[in-house]
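# Report on the structure
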Amino acid sequence: MEGEVCLHDLRGKWVVLYFYPRDNTPGCTVEAREFTELLPEFEKLGVAVIGVSKDSLESHRRFAEKHGLKVTLLSDPEHRVIEAYGAWAKKKMRGREYWGTVRTTYLIDPEGRVAKVWRRVRARGHAAKVLEELRRLVGQT
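So, a few notes on the structure that sits alongside this text. (Residues numbered from 1 in each chain as written. Predicted model: local features only at pLDDT ≥ 70, side-chain atom pairs only at ≥ 80, totals over all residues. Heavy atoms only, no water.)

## Things to note about the overall build of the protein chain
We count it as follows: Per the convention used, a helix needs a DSSP run of H or I reaching at least four residues, while a strand needs a run of E reaching at least two, with both numbered from the N terminus. Using C-alpha atoms as the atom set, the radius of gyration is obtained and then compared with a globule rule of 2.2 Å times the number of residues to the power 0.38. Only protein chains enter the area calculation, which uses a 1.4 Å probe; residues under 20% of their type maximum are buried, those over 50% are exposed, and those in between are partly exposed.
Scanning the protein chain from terminus to terminus reveals four helices and seven strands. Along its sequence from the N terminus, the protein chain presents helices and strands in the succession β-α-β-α-β-α-β-β-β-β-α. A compact globule built from 141 residues would reach a C-alpha radius of gyration of about 14 Å, and the protein chain, at 14 Å, matches this within 12%. A principal-axis box enclosing the C-alpha atoms of the protein chain has dimensions of 45 × 30 × 30 Å. Expressed as a percentage of its 141 residues, the buried residues of the protein chain come to 45%.

This is how it looks when you write it as C-alpha coordinates:
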(Lines give C-alpha, C1' and ligand atoms only; values in the text may rest on other atoms or scores of the structure.)
Protein backbone atom coordinates (compact mmCIF):
# COMPACT_ATOMS: atom_id res chain seq x y z
CA MET A 1 0.00 0.00 0.00
CA GLU A 2 1.46 3.34 -0.99
CA GLY A 3 0.65 6.63 0.64
CA GLU A 4 0.05 7.48 4.23
CA VAL A 5 -1.99 5.28 6.54
CA CYS A 6 -3.54 6.77 9.66
CA LEU A 7 -5.15 4.67 12.38
CA HIS A 8 -7.79 7.37 12.69
CA ASP A 9 -8.97 6.38 9.20
CA LEU A 10 -9.46 2.82 10.47
CA ARG A 11 -11.78 3.79 13.33
CA GLY A 12 -14.74 1.49 13.56
CA LYS A 13 -12.74 -1.66 12.93
CA TRP A 14 -10.25 -3.76 14.83
CA VAL A 15 -6.60 -3.40 13.78
CA VAL A 16 -3.68 -5.77 14.25
CA LEU A 17 -0.59 -3.56 14.12
CA TYR A 18 2.56 -5.63 14.18
CA PHE A 19 6.13 -4.35 14.17
CA TYR A 20 8.89 -6.55 12.82
CA PRO A 21 12.66 -6.13 12.35
CA ARG A 22 13.32 -6.79 8.66
CA ASP A 23 11.89 -8.06 5.41
CA ASN A 24 13.07 -11.50 4.24
CA THR A 25 14.57 -12.64 7.53
CA PRO A 26 13.44 -16.06 8.76
CA GLY A 27 11.27 -14.96 11.70
CA CYS A 28 9.76 -11.99 9.88
CA THR A 29 8.92 -14.18 6.90
CA VAL A 30 7.23 -16.78 9.12
CA GLU A 31 5.21 -14.10 10.87
CA ALA A 32 4.09 -12.36 7.66
CA ARG A 33 3.21 -15.65 5.97
CA GLU A 34 1.16 -16.82 8.96
CA PHE A 35 -0.74 -13.51 9.11
CA THR A 36 -1.36 -13.84 5.35
CA GLU A 37 -2.54 -17.43 5.74
CA LEU A 38 -5.03 -16.37 8.43
CA LEU A 39 -6.01 -13.10 6.72
CA PRO A 40 -9.40 -14.46 5.51
CA GLU A 41 -10.26 -15.27 9.16
CA PHE A 42 -9.22 -11.78 10.29
CA GLU A 43 -11.19 -10.22 7.43
CA LYS A 44 -14.34 -12.19 8.38
CA LEU A 45 -14.13 -10.34 11.70
CA GLY A 46 -13.58 -7.02 9.92
CA VAL A 47 -9.97 -6.71 11.07
CA ALA A 48 -7.18 -4.85 9.27
CA VAL A 49 -3.76 -6.50 9.58
CA ILE A 50 -0.81 -4.13 9.18
CA GLY A 51 2.89 -4.90 9.44
CA VAL A 52 5.45 -2.13 10.01
CA SER A 53 9.23 -2.15 9.64
CA LYS A 54 11.89 0.37 8.75
CA ASP A 55 12.40 -1.27 5.34
CA SER A 56 11.60 0.74 2.20
CA LEU A 57 8.39 0.41 0.20
CA GLU A 58 10.43 -1.24 -2.56
CA SER A 59 11.76 -3.80 -0.09
CA HIS A 60 8.19 -4.46 1.09
CA ARG A 61 7.03 -4.90 -2.52
CA ARG A 62 9.75 -7.49 -3.22
CA PHE A 63 9.11 -9.23 0.13
CA ALA A 64 5.37 -9.45 -0.57
CA GLU A 65 5.88 -10.71 -4.13
CA LYS A 66 8.48 -13.30 -3.15
CA HIS A 67 6.30 -14.81 -0.40
CA GLY A 68 2.78 -14.12 -1.71
CA LEU A 69 1.99 -11.82 1.21
CA LYS A 70 -1.45 -10.21 1.36
CA VAL A 71 -1.12 -8.19 4.58
CA THR A 72 -0.54 -4.45 4.36
CA LEU A 73 3.12 -3.58 4.91
CA LEU A 74 4.08 -0.05 5.91
CA SER A 75 7.49 1.59 5.79
CA ASP A 76 8.80 3.63 8.73
CA PRO A 77 12.44 4.35 7.74
CA GLU A 78 12.95 6.97 10.46
CA HIS A 79 11.30 4.55 12.94
CA ARG A 80 9.06 7.31 14.33
CA VAL A 81 5.97 5.11 14.61
CA ILE A 82 8.06 2.15 15.75
CA GLU A 83 9.49 4.29 18.56
CA ALA A 84 6.10 5.80 19.44
CA TYR A 85 4.75 2.29 20.04
CA GLY A 86 7.75 1.25 22.12
CA ALA A 87 8.97 -1.31 19.60
CA TRP A 88 12.39 0.35 19.14
CA ALA A 89 14.86 -0.83 21.75
CA LYS A 90 18.43 -1.82 22.45
CA LYS A 91 19.08 -5.36 21.27
CA LYS A 92 21.98 -7.73 21.68
CA MET A 93 23.33 -10.22 19.16
CA ARG A 94 26.64 -12.06 19.33
CA GLY A 95 27.83 -9.76 22.10
CA ARG A 96 27.07 -6.61 20.11
CA GLU A 97 24.50 -4.06 21.27
CA TYR A 98 22.49 -2.02 18.78
CA TRP A 99 19.13 -0.29 18.41
CA GLY A 100 16.45 -2.02 16.38
CA THR A 101 12.85 -3.06 16.07
CA VAL A 102 11.64 -5.55 18.66
CA ARG A 103 8.90 -7.83 17.36
CA THR A 104 5.77 -6.34 19.00
CA THR A 105 2.06 -6.58 18.18
CA TYR A 106 -0.80 -4.28 19.16
CA LEU A 107 -4.46 -5.17 18.94
CA ILE A 108 -6.41 -1.93 18.60
CA ASP A 109 -10.17 -1.83 19.16
CA PRO A 110 -12.71 -0.01 16.94
CA GLU A 111 -12.54 3.09 19.18
CA GLY A 112 -8.77 3.32 18.63
CA ARG A 113 -7.79 2.01 22.08
CA VAL A 114 -5.10 -0.59 22.64
CA ALA A 115 -6.86 -3.78 23.70
CA LYS A 116 -3.81 -6.05 23.96
CA VAL A 117 -0.04 -5.89 23.49
CA TRP A 118 2.39 -8.72 22.79
CA ARG A 119 6.05 -7.80 23.37
CA ARG A 120 9.14 -9.71 22.25
CA VAL A 121 6.99 -12.02 20.15
CA ARG A 122 8.07 -15.43 18.92
CA ALA A 123 7.07 -15.43 15.27
CA ARG A 124 5.91 -19.02 14.79
CA GLY A 125 2.26 -19.41 15.86
CA HIS A 126 1.87 -15.76 16.82
CA ALA A 127 -0.77 -14.89 14.21
CA ALA A 128 -2.98 -17.73 15.49
CA LYS A 129 -2.63 -16.42 19.07
CA VAL A 130 -3.66 -12.94 17.94
CA LEU A 131 -6.68 -14.36 16.10
CA GLU A 132 -7.66 -16.42 19.15
CA GLU A 133 -7.48 -13.34 21.41
CA LEU A 134 -9.44 -11.29 18.91
CA ARG A 135 -12.19 -13.92 18.74
CA ARG A 136 -12.34 -13.92 22.53
CA LEU A 137 -12.62 -10.15 22.66
CA VAL A 138 -15.37 -9.95 20.04
CA GLY A 139 -17.20 -12.94 21.49
CA GLN A 140 -16.64 -15.36 18.61
CA THR A 141 -14.85 -18.36 20.08
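Let's pick the thread back up.
## Details of the side chain of His-60
Counted only if it meets this: N or O atoms closer than or at 3.5 Å make up a polar contact, with two conditions inside protein: a donor-capable atom paired with an acceptor-capable one, and, for residues adjacent in sequence, both atoms drawn from side chains. Whether two residues are in contact is decided by their heavy atoms: any pair within 4.5 Å suffices.
One can find His-60 in helix α2 (residues 57–67). Engagement of the side chain of His-60 in a polar contact is seen with the side chain of Asp-23, the distance being 2.8 Å. A polar atom in the side chain of His-60 sits 2.8 Å from the backbone oxygen of Leu-74. Not counting chain neighbours up to four residues away, the residues in contact with His-60 comprise Tyr-20, Asp-23, Ser-53, Asp-55, Leu-73, Leu-74 and Ser-75.

## Details of the packing of aromatic side chains
Our working rule: Aromatic pairs are defined between Phe, Tyr and Trp rings, using the six-membered ring for Trp, whenever the two ring centres lie within 6.5 Å; interplanar angles under 30 degrees are classed as stacked, those over 60 as edge-to-face, and all others as tilted.
If you walk through the whole model with that rule in mind, you get seven aromatic pairs. Look at Phe-19 and Tyr-85: their rings are 5.4 Å apart centre to centre, the planes differ by 35°, and that puts the pair in the tilted class. With a gap of 66 residues between them, Phe-19 in strand β1 (residues 15–19) and Tyr-85 in the loop between α3 (80–84) and β4 (88–93) connect regions that are remote in the sequence. Residue classification places Phe-19 among the buried positions, given a relative accessible area of 0%. For Tyr-85, a relative accessible area of 21% gives the class partly exposed. Aromatic pair Tyr-20 and Phe-63: ring centres 6.2 Å apart, planes at 35°, arrangement tilted. In this pair, Tyr-20 is assigned in the loop between β1 and α1 (26–44) and Phe-63 in helix α2, connecting sequence segments 43 residues apart. Across the pair, Phe-63 and Tyr-20 agree in class, each one buried. Three or more aromatic residues joined by ring pairs form one cluster here, namely Tyr-18, Tyr-20, Phe-35, Phe-42 and Phe-63.

## Description of the pairing of strand β3 (residues 72–75)
Cut-off, in case you're wondering: For two strands to pair, DSSP has to find at least two bridges joining them. We call a crossover right-handed when, viewed with the strands running away from us, the connection from the first strand over the helix to the second turns clockwise.
Where strand β2 (residues 48–53) and β3 come together, four bridges link them in parallel fashion. Opposite Ile-50, over in β3, you have Thr-72 as the bridge partner. Read from β2 through α2 to β3, the crossover connection turns out right-handed.

## Structural notes on the pairing of strand β7 (residues 114–118)
In the case of a regular strand, side chains alternate between the two sheet surfaces. Pairing between strand β6 (residues 104–108) and β7: four bridges, direction antiparallel. Within the sheet, the bridge partner assigned to Leu-107 lies in β7 and is Lys-116. Where β6 folds back onto β7 in an antiparallel hairpin, the turn is made up of five residues, including Gly-112, whose phi is positive at roughly 90°.

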